Amino acid sequence: MAGRAETYFEEMQREIGALRIVHKENDGFSKFLGSLLRVVTLGQMSTYVTNYTTVLGHTMYVPTGWDQRSDTERYVTLRHEAVHFRQMKRYGMIGMGLLYALPFFPLGLAYGRARIEWEAYAETIRAIAEVDGLEAARHPKLRAHIVKQFTGASYGWMWPFPKAIHSWIDSELARIAIASRQS
Ligand SMILES: [Zn+2]
């Protein structure tokens, strides 16, 4: 890693403790989880290894081609994952696991997971606004991507209510706009 992402990764380690990076493509357990997710979502979530970063304990499991991603892309991802590391500290590993998996169902209407992911996606939006500006944070493609994470198979249809996600995004963008006018 180099540049902004590297600097932020060092900051994260000062805050959270030593972190290990594992490349999912070289990790048997990650590949097993990827296949399992493909099966339980009937083939609709097939990009766990190639597109998604996952954190557990003090390990960050990164997707295929992580080192080739741009500094900005890695920085924005790190900002999102830092939220999950903080959540694990706040709730404990078991508490976080239960929140992530249970209320209400492992697949579909996973409210705990939706709240946990929303806290992290709000940070994604803030990071993009900081690096690329408010217009980038407001881009319809980003909005569509985030809505899809909540309503689609990627996280097991965790909160399949697009209107709710749109209004979460709207209020976060409004907060960022107000903060940027004040600074
Ligand atoms: Zn996340």
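Everything that follows concerns the structure shown earlier in this document.
In short, a report on the structure. Every chain begins its residue count from 1, and numbering advances along the sequence as written. Where local features are concerned, this predicted model is filtered to residues with pLDDT of at least 70; where side-chain atom pairs are given and counted, the filter is 80 or more; whole-chain, interface and lining totals use all residues. Excluded from the side-chain calculation are hydrogens and water; included are all heavy atoms of the structure.

**A word on the pattern of salt bridges**
Opposite charge on two side chains permits pairing when their charged atoms draw close.
Then comes step 1: Should a side-chain nitrogen of Lys or Arg be within 4 Å of a carboxyl oxygen of Asp or Glu, the pair is scored as a salt bridge. Considering all chains together, one arrives at 10 salt bridges under this definition.
Then comes step 2: Linking arginine 90 and glutamate 119 is a salt bridge whose minimum nitrogen-to-oxygen distance equals 2.8 Å. You can see arginine 90 sitting in helix α4 (residues 71-101) and its partner glutamate 119 sitting in helix α5 (residues 111-132), a full 29 residues away along the chain.
Then comes step 3: Categorising residues by exposure relies on relative accessible area from a 1.4 Å probe, with only protein chains included: less than 20% of the type maximum marks a residue as buried, more than 50% marks it as exposed, and the intermediate range marks it as partly exposed. A relative accessible area of 47% places arginine 90 in the partly exposed class.
Then comes step 4: In this structure, glutamate 172 and arginine 126 form a salt bridge, with 2.9 Å as the shortest nitrogen-oxygen distance. With glutamate 172 in helix α8 (residues 162-182) and arginine 126 in helix α5, this pair connects stretches of sequence that are 46 residues apart.
Then comes step 5: On the basis of relative accessibility, which here comes to 28%, the residue arginine 126 falls in the partly exposed class.
Then comes step 6: What you see here is one network of salt bridges that share partners, running through Arg79, Glu123, Arg126, Glu130, Glu172 and Arg175. Strands are runs of DSSP state E lasting at least two residues, helices are runs of H or I lasting at least four, and both sets are numbered from the N terminus onward.

**Examining the coordination of the zinc ion**
Then comes step 1: Any N, O or S atom lying within 2.8 Å of the metal counts as a donor, with the limit raised to 3.2 Å for Na, K and Ca; because water is left out of the atom set, some sites can appear incomplete. Summarising the metal site, the zinc ion is bound by the protein donors His80 (NE2), His84 (NE2), Glu117 (OE) and Glu117 (OE), whose distances to it range over 2.0 to 2.7 Å.
Then comes step 2: Its 4 donor atoms give the zinc ion angles of 53 to 157° at the centre, a pattern that matches the irregular case.
Then comes step 3: Each donor residue of the zinc ion lies on one chain, and together they are spaced H-x3-H-x32-E. In this pair, histidine 80 sits in helix α4 while glutamate 117 sits in helix α5, placing the two residues 37 residues apart along the sequence.
Then comes step 4: The exposure class of histidine 80 is buried, given its relative accessible area of 6%.
Then comes step 5: Overall, the relative accessible area of 3% leaves glutamate 117 in the buried class. Square planar and octahedral assignments, for four and six donors respectively, both demand that opposite donors be over 155 degrees apart and that all other angles lie between 65 and 115; tetrahedral needs four donors with all angles between 85 and 135 degrees, and anything else is irregular.

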